[in-house]
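So you can see what is in the structure, the chains are spelled out below.
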Amino acid sequence: MPTIRKILVANRGEVALRVMKTARALGIQTVAVYSSADAASAHVRAADMAVHIGEATPSASYLNVAAVLSAAKASGADAVHPGYGFLAENADFAQACRDAGLTFIGPSAAAINAMGDKANAKVLMRRAGVPCVPGDDGADQDPAALRAAAAQVGYPVMIKATAGGGGRGMRIVTAAPEFDAALASAKSEAANAFGSDRVILERVIHNPRHIEIQVVADSAGNAIHLGERDCSVQRRHQKVIEEAPGVGISEALRERMGAAAVTAALAIGYEGVGTLEFLLDEGGEFYFMEMNTRLQVEHPVTEAITGLDLVKLQIAVAQGQPLPLAQHEVRLSGHAIEVRLCAEDEHNNFMPQSGVFARWSAADGVRVETAVSSGSEMSPYYDSMFAKIIAYGRDREEARAQLVAALTNTVVFGVKTNKALLTRCLEHPLFVRGGMGTGFLEAGRDEIFREAADAPPSVVALAAAAMCAHDGNHRQAAPLGRPSAMVHLRDALSGSVTVARVTHTAANHYHVALPLQAIDISLALSGNDELRCTVDGVSSVVPYLRRDGGIDLQIDGQVHSFDDVTYAPASAAVDGAADGRVRAAMNGRVAAVFVANGAAVKAGDPLLTLEAMKMEYRHCAPADGFVSGLTVAAGDQVTTGKLLIELTLALATVP
């Protein structure tokens, strides 16, 4: 095979930067492709060349095979790296690249096809002797046949879409009466997400661990594994935290799982980097779940404990080079843990967030992979993950402690994130012990998931003093010439409003009177981004952001946001749909509309579904009535608060 000289990276964000980093180290030029929404993105600036391939929606850009191939031709690229997501596991794209004379840095189209359909993959794995979860392969998709098959498999049963991944088209059914509704829901979601509504059935393994094995294979028929990753911390079937190696995985079990993974790769003639995903039950038995025929989001933890560059291995294999090491030469050393930072609101059903990162400052001493910086925009069109933080230590506890410290010192203002939730996961006793199953988040729900609560009085007082210090104490004058201000702060999380009187008592000293207590504070502004303060005798350095209309503080890793409502008119909180005007709960795409103009609806009836960043949100009728105005259609892109549907609500009758 010819030597690769220029790689087009058919992706965006942090994974595009990751591929470019290795390519640059190898002396290979890179080409970025970008949508209209990504014109100013970091991956565009980092590449040697960049080509615009379409509008913001993925279907018009990053999923547009013709546009990507045209960009490769225009830029003179001789190879394509798909990253992960988008076209990474699209067999037609892999074949189209090869048909265009391009080196596809990944497996063959045949291998992608073989493992891309979950039903077919299980058949192939059984033939190869790889243990599989008991279930039904869905040869007959008639609902009655699937219902009968579910009874044969035994409840609880998992309905799983044969295409795609990421938890889409998956439903757990605990009893027969629930099956029909769950099947219809899974098929609908799968059809919308993947273009296919085919499903298979699997017996549910109680609280398994999600263990995956990294494999690498070359064109000469050699294959090795690089140990395991434990990806059991999941929410909605989406991985949240990954680590390597797995706690309590013995050398014997690692050898068995590794051998099964290598057998699977060889059985389909696999070439390149891939991952076999298994469920490990409480008795130590493991079952094949699926294969990801691409680089994984969590590949850095494997790189950390092996010292290998997986992208470099991908490029080497794509050029026809043999594997640079044999199985007995693979060494696992130390421990690595990765967290996925996502733009989402944990207090609003983890709704995906978009907006501008007013400030982004990553911690030192850990590996951080991201494409964002202060001033970057979190787009509503793509996945909610915007950064990965990876800590490596001599042992698991060292890695865990480093990661907790890194999250605490990472500053994110302007966009809500899951940062605090990740820290609570890492500090939970079950995680500290290790070896937990996929039910971890549910088991630790009380400690991990927090209700929205008021900020402590000391934090409110600091926010009030900092606002006055930043504004130069010019709000109003108190008697005897001592500057003072009455500040009304609304906690953006809880909605509570606190009235604080801030009095400037001496240089850098403030007396803050709250409704139930008074707090003395000394503070000095350090540049525009830190407060050096002492609150009730305790000194600290607090990152902050003074923004139009309020202030944000980060204390012990927790972001506290306050809106200045001192001069805001009083207003009453009203349910956004109580007047019959249904507005978008988030930025996103209208995935489906279930009603038409004039249609009668009952309270709770589904009206439409919004989709953004791998999440769906269903708007339902707030009361009985009929549709008097429909302003959107399936496929439309909408922003938060946009009017979607107008309802004429039935009037309540008074007896």
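Conventions adopted
Residues numbered from 1 in each chain as written. Predicted model: local features only at pLDDT ≥ 70, side-chain atom pairs only at ≥ 80, totals over all residues. Heavy atoms only, no water. 1 Å grid on protein atoms, 1.4 Å probe; cavity = no way out; pocket = protein on both sides within 12 Å on 5 of 7 lines; lining within 4 Å. Points joined across faces, edges and corners; volume = space filled by probe spheres on them. Helix = DSSP H or I, 4+ residues; strand = E, 2+ residues; numbered from the N terminus. Pairing = 2+ DSSP bridges. Contact = heavy atoms within 4.5 Å. Axes fitted to C-alpha atoms, helices over the stretch in contact; angles between N-to-C directions. Nonpolar A, V, L, I, M, F, W, Y, C, P; charged D, E, K, R; others polar. Buried < 20%, exposed > 50% of the residue type's maximum accessible area, 1.4 Å probe, protein only. Parallel < 35°, antiparallel > 145°, perpendicular 65-115°, else oblique.

S.K.: Teacher, can you tell me more about the layout of surface pockets here?
M.R.: A water-sized probe, rolled over the atoms, reveals where empty space remains. Put simply, the second largest pocket is a space of about 970 Å³. In terms of lining residues, the second largest pocket is bounded by 40 residues, among which Ala420, Leu493, Gln558, Val559 and His560 are the most central. Of all the elements in the fold, those that place two or more residues in the lining of the second largest pocket are strand S16 (344-345), helix H12 (396-409), strand S23 (411-413), helix H13 (419-427), strand S30 (538-547) and strand S32 (558-564).

S.K.: What is the right way to look at the sheet that holds strand S8 (residues 170-173) in this model?
M.R.: In a beta sheet, neighbouring strands pair by backbone hydrogen bonds and run either parallel or antiparallel. With antiparallel pairing, the 4 strands of this open sheet are ordered in space as S6-S9-S7-S8. In this open sheet, the two strands that pair with only one neighbour each are strand S6 (135-136) and S8. Relative to strand S9 (residues 199-203), strand S7 (residues 157-161) runs antiparallel, the two being bridged by 5 bridges. Counterpart to Lys160 in the pairing with S9 is Ile200. Seen against the sheet, helix H7 (residues 143-153) touches S6, S7 and S9 and runs at an angle of roughly 20 degrees to S9.

S.K.: I'm lost on empty space enclosed by the protein in this one. Help?
M.R.: In this structure the tally under the stated criterion is 2 cavities of 30 Å³ or more. As for the second largest cavity, its lining consists of His81, Pro82, Gly83, Ala88, Phe104, Ile105, Gly106, Pro107, Thr293, Arg294, Leu295 and Gln314. Taken together, the residues of the lining of the second largest cavity sort by class into 6 nonpolar, 5 polar and 1 charged.

S.K.: Help me understand H13, please; the structure alone is not making it clear to me.
M.R.: Because each turn of an α-helix spans 3.6 residues, side chains separated by three or four positions end up pointing in the same direction. Burial analysis of H13 places 8 of its 9 residues in the buried class, which makes it a mostly covered element. Buried within H13 we find Lys419, Ala420, Leu421, Leu422, Thr423, Arg424, Cys425 and Leu426.

S.K.: Hey, could you run me through the packing of helix H5 (residues 109-116) against helix H6 (residues 118-128) in this one?
M.R.: Helix packing for two helices is described by the angle between their axes and how far apart those axes are. Two numbers describe how H5 lies on H6: the axes approach to 5 Å, and their chain directions differ by 100 degrees. Considering their axes alone, H5 and H6 lie roughly perpendicular with respect to each other. Mapping the contact onto sequence places Asn113, Ala114, Met115 and Gly116 in H5 and Lys118, Asn120, Ala121, Leu124 and Met125 in H6. Here the contact of H5 with H6 is composed, by residue class, of 5 nonpolar, 3 polar and 1 charged.

S.K.: It is not clear to me how the sheet that holds strand S40 (residues 643-649) should be interpreted in this structure. Could you clarify?
M.R.: With antiparallel pairing, 4 strands are arranged side by side in an open sheet as S33-S40-S38-S35. Edge positions in the open sheet fall to strand S33 (581-583) and strand S35 (600-601), since each of these has one partner strand only. Sheet topology note: the strand S38 (residues 625-630)/S40 ladder contains 5 bridges and is antiparallel. When the bridges of S40 are listed, Leu630 appears paired with Ile645.

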